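Structure assessment
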Amino acid sequence: MEHVRKKLHISERRVCRVINQLRSTQRHTSVFRDDGGCLRAEIVRLALTYGRYGYRRITALLQREGSQVNHKRAERIWREKGLKIPKRQPKRGRLRPTHRNHVWSYDFMAEHTHDGRSIKMLTVIDEYSRECLAIVVERRLQSDDVLSCLTELGIPEYIRSDDCSEFTVKVARHWLKRIGVQTLYIEPGSPWENGYNESFNGKFRDELLNGEIFYTLKKAQVLIERWRLEYNTFRPHSSLNNRPPAPEARLH
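Residues numbered from 1 in each chain as written. Predicted model: local features only at pLDDT ≥ 70, side-chain atom pairs only at ≥ 80, totals over all residues. Heavy atoms only, no water.

**Thoughts on the pattern of salt bridges**
To be explicit about the condition: By salt bridge we mean one thing: a side-chain nitrogen of Lys or Arg within 4 Å of a carboxyl oxygen of Asp or Glu. A helix here means a DSSP run of H or I that spans at least four residues, while a strand means a run of E at least two residues long, and both kinds are numbered starting from the N terminus. Remark: exposure states derive from per-residue accessible area (1.4 Å probe, protein chains only) relative to the maximum for the residue type, with buried under 20%, exposed over 50%, and partly exposed in between.
Summed over the entire model, instances satisfying the criterion amount to eight salt bridges. As a salt-bridge pair, Arg45 and Glu42 come within 2.6 Å of each other at their nearest N and O atoms. Of this pair, Arg45 and Glu42 both sit in helix α3 (residues 35-49), three residues apart, which is roughly one turn of the helix. Given the relative accessible area of 39%, Arg45 is considered partly exposed. The closest approach of N and O atoms between Glu127 and Arg160, which form a salt bridge, is 2.4 Å.

Here it is in structure tokens:
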């Protein structure tokens, strides 16, 4: 159109009449929508922010923000960008809790600060809601620390734990029996019997501990508590229809 006008020095109206073209087509400016580019950038951003979330959890976060993307498209972009898809963890565990505070489970974990000094962590979860009730972080943990933590949290019907020295000392057994909590000790060498807590500990290590260097005990306590709150109130959980375990969780 512009070429003909310049060559023959005639009006746009006349050129449109000659070539049988509507003048309105000359007023339309094509707009290129880069929705795919924006979506790709957002998926990459979320993957970098939450390094061990898979494409399904990233999809859930996008949908929570109002995006209409489905998991199939997110997976295509995920693979296209070469992002890592975490391996699916098998479901494990014998006793199936039926309500909150039915069964809690707790376990010890170990880490170290930058100077090589050890850190001990006590993780406590509600097996029904999957809420992480507490993560106690100290240089050393003994039975009194366990009792102090549980006293602050309240009383469940059952508590499941490893049959190790920290939990089998006489004072712990006496206290749990006195307050009416039934104990469920798992057999040595059978971590699948404590599947809920083992699964949580794996996520905890994978999403935080493996990617952080703790220079002080205080830094470890702050970062771990921040991750615990994110896990409870924000992180999508596949077994809970991609909802966080406790969006209204109490702040301990």
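**Quick look at the packing of aromatic side chains**
The following threshold applies: Between 30 and 60 degrees the pair is tilted, below 30 it is stacked and above 60 it is edge-to-face, where a pair is any two Phe, Tyr or Trp rings, Trp via its six-membered ring, whose centres lie within 6.5 Å.
Counted according to the given criterion, the structure contains seven aromatic pairs. Considering the side-chain rings of Phe200 and Tyr231, the 5.0 Å spacing of their centres and the 85° angle between planes classify their relative orientation as edge-to-face. Residue Phe200 is found in helix α9 (residues 195-207), and its partner Tyr231 is found in helix α10 (residues 217-233); the two are separated by 31 residues along the sequence. Considered together, Phe200 and Tyr231 belong to a single accessibility category, that of buried residues.

**Here's the deal with the nonpolar core**
Just so we agree on the cut-off: Throughout this description, the term nonpolar core refers to a set of buried Ala, Val, Leu, Ile, Met, Phe, Trp, Tyr and Cys residues connected via side-chain atoms within 4.5 Å.
Judged by nonpolar contacts, the single largest core of 19 residues is most densely connected at Met121, Ile135, Val137, Phe200, Phe204, Leu209 and Ile224. Listing elements by their share of this core, those giving two or more residues are β2 (118-126), β3 (132-138), α9 and α10. Considering every element that reaches this core, the biggest residue donor is α10, with six residues. The next biggest cluster of nonpolar side chains, apart from the first, holds 18 residues, and it includes Trp104, Leu141, Ile159 and Ala172.

**Considering the packing of helix α4 (residues 55-64) against helix α5 (residues 71-80)**
Stated precisely, the cut-off is as follows: The axes are straight lines fitted to the C-alpha atoms, using for helices just the contacting stretch, and the angles between their N-to-C directions are given from 0 to 180°. Should an angle lie under 35 degrees it is considered roughly parallel, over 145 roughly antiparallel, and from 65 to 115 roughly perpendicular; all remaining angles are considered oblique. Helix crossings are classified by the rotation of the near helix relative to the far one: an anticlockwise turn of less than a right angle makes the crossing left-handed, while a clockwise turn makes it right-handed. Any two residues whose heavy atoms approach within 4.5 Å are treated as being in contact.
Relative orientation of the contacting elements α4 and α5 amounts to 120°, with a least axis distance of 9 Å. In terms of their interaxial angle, α4 and α5 are classed as oblique. Between α4 and α5 lies a crossing of right-handed hand. Contacts between α4 and α5 involve Tyr55, Arg56, Ile58 and Thr59 on the former and, on the latter, His71, Ala74, Glu75 and Trp78.

**A look at the environment of Thr123**
Put simply, the rule is: In the analysis that follows, any N or O atom pair within 3.5 Å is treated as a polar contact, provided that within protein one partner can donate a hydrogen and the other can accept it, and provided that, for residues neighboring in sequence, both atoms belong to side chains.
Within the fold, Thr123 resides in strand β2. Expressed as a C-alpha distance, the spacing of Thr123 and Met109, which sit 14 residues apart in the sequence, is 7.6 Å. Sequence-distant contacts of Thr123, defined by excluding residues within four places in its chain, comprise Ser105, Tyr106, Asp107, Met109, Ala134, Ile135, Asn197, Phe200, Asn201 and Phe204. A polar atom in the side chain of Thr123 sits 3.1 Å from the side chain of Asn197.

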